[in-house]
Structure formats: structure tokens, C-alpha cells
Amino acid sequence: MKYLGSQLRKPASFQPGRSGKVSGLMIAGGSIFFLVIMLAVLIYARPKDSSQKTTSTDGASSGHQTDASAKGESEASGDENALEMYCAAGIKPPVAEMAAQFAKEEFGMPVHLQYGGSGTLLTNLQVAKKGDLYLAADSSYIEIARDKGLVQEAIQVAQMHPVIMVQKGNPKGIKSIDDLLKDDVTVALANPDAASIGKLTKKVLTKHGKWELLSKSARVFKPTVSEIATDVLLGAVDAAVVWDATVNQHSDKADMIDVPEFQEAIKNVTVGVLTSSQKPQEALMFARYLQAPEKGQKAFAKLGYQTVEGDKWEPHPTILLFSGGVNRLAIQDTLKEFERREGVTINTVFNGCGILVGQINSGQRPDAYFACDTSYMVQVQPKFRTPLTVAETDMVIIVEKGNPKNIKTVYDLANPDLRIGLSHHEQSALGALTKKLLSSLELNGKNLYDQVQPNVKTNTPTADLLVNQLRTGSLDAAIVYRANLPYVKDKVDIVEIKSGDPLAQQPIAILKTTAYPNLMQRLVDKLTSTPSRSLFESIGFRWRITPESL
């Protein structure tokens, strides 16, 4: 370009044997050529910087990796079907390994990872409002995200606690937090506003009155635990407060100093499924993959993390739920939604709780049991975890529309020439509660249950059979749960039972030996959620869940 410009600026001189016409053409051609070159320079677009790492989960990569922690180091490709995951930098090694492995499985798919401090990533996903998963080094960030409506399910995948990281052999003889304050000791800390380890370090040491001095003496603050660990490894500083797993991954080059201040500061590495996810089933599958003992937990253990109790790995688990018939209308839609979102199959057995208890005691093992009443949970309690009472409902009398037999109280069930329907007291919780209720009441010096028996024409294992028989005219009255009646209120009349204790409470419990304890807990969480409450209450249950009970 310089050469061309100098030639164009040189005055033209007369040359014998050449005509002025030819010289004019040469000048015009040169001018056009010059303009073309200049136009190309002006419109030339500089190639996109290739310094950001673009490694996909199959291990292929291009470009050069640089420090991308300020904005979040990413590993991505153009695959629109891939999962997008925000991952805390300190958890990169096992997650990257498992993402690559997951992509190769026949059920799997690529997972694109964006790394950074847990706090930085939380800010990023709030702004982006897209993505599928958010893995934080500290579950407190997941709770913040949940409170903001950014996360639905949360799955714990590992545990860590803070330690002091020093160079191999501990040349400065560091044994305590106080040693970090010595004049000849240089320290790197993680930014409390960006990284989970920084936030926790500040919280714990503030409690012990040591944060202010340490923060002032720190040589550098960086946004991720990986960066301050690198500073120690390179000898840029003498020590840093990092996760125990971070030191375990560099045990040939660094030593770990456990100090009393951090011994109780154990944090749960947790992955949350984002509400923005367009692939929640696949996102949940990868989260379960990270937690499974046969899959992700092997990688976490190998890389020095404390492992957790994960569910048996199965891409699409099948679980068994036993439930009293009274709960059917309140839970059937929630169960279907859970199946779709989690990619699981729920085999649900609805029956009288007497029958269900008999099946459990004879050896059947449902992964969870949703009882009709606490009295039918007590009978199998040793096999299940602590039950949670979800709801309660009243027992009522139903009669034909218009109440032609003029039944006004529970005592009228003993009137002659009535056809009464009751649930079976051995097969059904409703039957047992009905017998208990009527036996506690007296009429003319005798218990009411015995006086009603001559009028009893049927004993059924479930209340819905009684409702159907009354509607077809086979019965004059029946005792059922109020929750059995949401769709027939305009077809029958209800007589309240105002004597005794006509109340049933519905608890749910998870089998102690289930292969899927975490999956079952998420199912319980779903059944005790606000949308589930609306369903229960619309059917006639009263909600019993309180914040203290969860």
C-alpha cells in the first residue's frame, strides 16, 4: 500500500516513444485500483476474537483458553439441542468430565458450560433469563435463585468446606488464620460478592472477629476460587482460602491446612433446574446423573469432593406409589405433571388403606405411601421415614337429592327401613373410622354402631363405590369423606356429622429402603406445593402443611 501510494504521488514525466493517451489510461487504471484497495480496507471486518474457549462436551476444542472469569468462562457450540448450564468455577473438573460422558450416552445430549463465581453466575442468569441448569458451590445461592423465581427443583451433588491452601511443604509454616496476618505472608482471597468461597470466608471470619484484618492484609481479591488457587500454585502468594476439594485436586503441588474456624462450615454443592428451561426433563436427567453413585459421584469422589447419597441411576425410573382412594382426585393431576417433567413412570395403586396396609405387611414395598388416615400409617410406620400430614377431611352423610328419608343427624341412621352403606372396617380407613365414630356414640343406652348394623346393606373397600350406589338408588344414605364429593355436590345432599370426631388426616411417607430417596422427596415436595394445595382445597380437604412442618 505504501509503495502504491508513492507511485501515485510521483509527478508524471515525459517518456519518448509513448503517447499521452497511454499514459492517461495508466493513471486512470492506477487510480481505480487504488480506490478498490482503500474500499476493501474500509469495509474489512476484523475476525471475531478466538481467545474464548469453545469446547463442546464431546471434548473437541478450538482456539485458545484465556482468563474469562470476569464474564464467565464458557464452553459452548452451536448445538441448539444442548443443555445450557451455569457452573461454579470451583466445581468445573467433575462437571466437565460428567458432561462429556453424559453426551456420549445413548440417552444423553451435549451440555454447554459457562463457568464463573456462584454470585457472578446468579447475576448473569438473572439478566439472560435463559438456560437450563445452575450449579452453585453453596446452596444458599440456589435458595436466593428460588426466592427470585429462577429455580424450581434443587439437587445436592457434593459437599465441601473451606481450608487454607499453601505451597507443598508449607514453607511459611502456616497453621492458623492468625498466621495469615504475618508481615512475611501473602494471601489471596475470593471476592465475597462474586464467589461462594469468598462469601463464606467473610461470613465465618466476621463471626470470629478476623475478617477485617485479613481482608485488609490480602494481596489480591479474585472472582473465582480457581484463580486464587492458581496464584498459590504459581508462587504469586503464599496462601489462599479455598475449598478442600480444590487442594485435593493439586495434592502434588499444595498442602491443606484445616483450621477450627472452618470445621463446621460445610457447604452443599447444589444444582438447580431453571424455570427458564425449555428442556426440564433432560435437565433433571443430567442433575440426577451428577448425583447418581454409579455416575457423577464417582467423579466427585475421584477429584476430592465429599460425596452425597444419590439415587440409583436409571434414565427413566419407575416408582410405585400406594395411596388411599380418598386422595385420588387431589393428586392424580399432580402425579401426571410430575411424570412429564421428571421423565419417570409412577405406578399408582389406589385402594382402601386396610387392603394397602395388608399388602405392605405381606412384603410389597411401595416407594411411598399416602395414607387415608394416620391410623393406617402407624401400622406400617417402621418401614417408612417420618410421615408428613398433608391434609384432613371430614366424614359426612350423603343422601338422595331432596333427602326423602328426612335424615338430619347421624343418629337417624338407626331409623327403621333405611338402606345404609358403610365402608368395610377392615379394608378401609374410612370404614375403621366410621366404626370408631359410631361406637363412641350412644342411642337409648346402646352404642350407635350396633344399632345401625341392621340397616347396613353394603360394606365397600372405598367410598367412591358408596357414592355410585347411592346415585343409582341402591342406598338411602352412606358415610363418606367430604373430599369424595367435589363432582357430585349437585346430585346428592350432604348431612353434617356434628357428634364425635368425624375427622381423617392424610399423611405421606417415603420408604426407608427405596432406591430413589431424592426423587421421592421431590415428589413429596410437589404434592405439598402451593399448586397442589389449591387442588386439595378445591376438592374439600383442609390443608395441614405449615412452614414448620416442611
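With an unreviewed UniProt entry as reference, the chain is termed Binding protein, source organism Gimesia panareensis.

## Looking at unusual backbone geometry
We note that asparagine 170 has phi near 50 degrees; this positive angle belongs to a residue other than glycine. Summarising the element assignment, asparagine 170 is placed in the loop between β6 (162-167) and β7 (187-190). Assessed through its relative accessible area of 16%, asparagine 170 is described here as buried.

## Some details on the state of the cysteines
Scanning the entire structure with this criterion turns up one disulfide. Disulfide pairing is shown between cysteine 353 and cysteine 372; the S-S distance is 2.3 Å. With the S-S dihedral at roughly 90 degrees, the linkage between cysteine 353 and cysteine 372 falls on the right-handed side. Here cysteine 353, found in helix α13 (residues 353-361), pairs with cysteine 372, found in the loop between β14 (368-370) and α14 (375-378); they are 19 residues apart in sequence, far enough to count as distant. Here cysteine 353 falls in the buried class, since its relative accessible area comes to 0%.

## Some thoughts on the pairing of strand β3 (residues 111-116)
Most of β3 is tucked away: five of the six residues are buried. Regarding topology, helix α3 (residues 92-104) serves as the crossover connection from strand β2 (residues 83-88) to the parallel β3, and that connection is right-handed.

## Considerations on the pattern of salt bridges
According to the stated counting rule, one finds 23 salt bridges in the structure shown. For glutamate 496, the salt bridge is made with arginine 482, and the minimal N-O distance between the two is 2.6 Å. Pair noted here: glutamate 496 is in strand β21 (residues 492-496) and arginine 482 is in the loop between β20 (477-481) and β21, with a separation of 14 residues, a long-range link. A relative accessible area of 37% places glutamate 496 in the partly exposed class. Arginine 533 is the salt-bridge partner of glutamate 537, the closest N and O atoms lying 2.9 Å from each other. Here glutamate 537 pairs with arginine 533, and both are found in helix α19 (residues 530-539), just four residues apart, close to one helical turn. Through salt bridges with shared partners, a single network forms among Glu392, Asp394, Arg482, Glu496, Arg542 and Arg544.

## Re the nonpolar core
Grouped together as the largest cluster of nonpolar side chains are 80 residues, with contacts concentrated most on Ile331, Tyr369, Ile397, Leu413, Val480, Tyr481 and Phe536. Looking at which element gives the most residues to this core, the answer is strand β15 (residues 388-400), with eight residues. The next biggest cluster of nonpolar side chains, apart from the first, holds 73 residues, and it includes Phe102, Val166, Ala190 and Trp211.

## Comments concerning the packing of aromatic side chains
For the structure shown, the criterion picks out 13 aromatic pairs. Grouping aromatic residues by their ring pairs yields a cluster made of Phe102, Phe107, Phe286, Tyr289 and Trp313. Sitting over the face of the ring of tyrosine 141, lysine 199 holds its NZ or CZ atom 4.3 Å from the ring centroid.

## What about the side chain of threonine 462?
As for its position among the elements, threonine 462 is in the loop between β19 (456-460) and α17 (463-471). Take threonine 462: its relative accessible area is 15%, and that puts it in the buried class. Non-local contacts of threonine 462, meaning those with residues more than four positions away in its chain, are made with Asn351, Gly352 and Ser423.

Rules and cut-offs
- Residues numbered from 1 in each chain as written.
- Predicted model: local features only at pLDDT ≥ 70, side-chain atom pairs only at ≥ 80, totals over all residues.
- Heavy atoms only, no water.
- Helix = DSSP H or I, 4+ residues; strand = E, 2+ residues; numbered from the N terminus.
- Buried < 20%, exposed > 50% of the residue type's maximum accessible area, 1.4 Å probe, protein only.
- Disulfide = S-S within 2.5 Å.
- Right-handed = clockwise from strand over helix to strand, strands pointing away.
- Salt bridge = Lys/Arg side-chain N within 4 Å of Asp/Glu carboxyl O.
- Core = buried A, V, L, I, M, F, W, Y, C linked by side-chain atoms within 4.5 Å.
- Phe/Tyr/Trp six-rings, centres within 6.5 Å; stacked < 30°, edge-to-face > 60°.
- Lys NZ or Arg CZ within 6 Å of the ring centre and 35° of its normal.
- Contact = heavy atoms within 4.5 Å.

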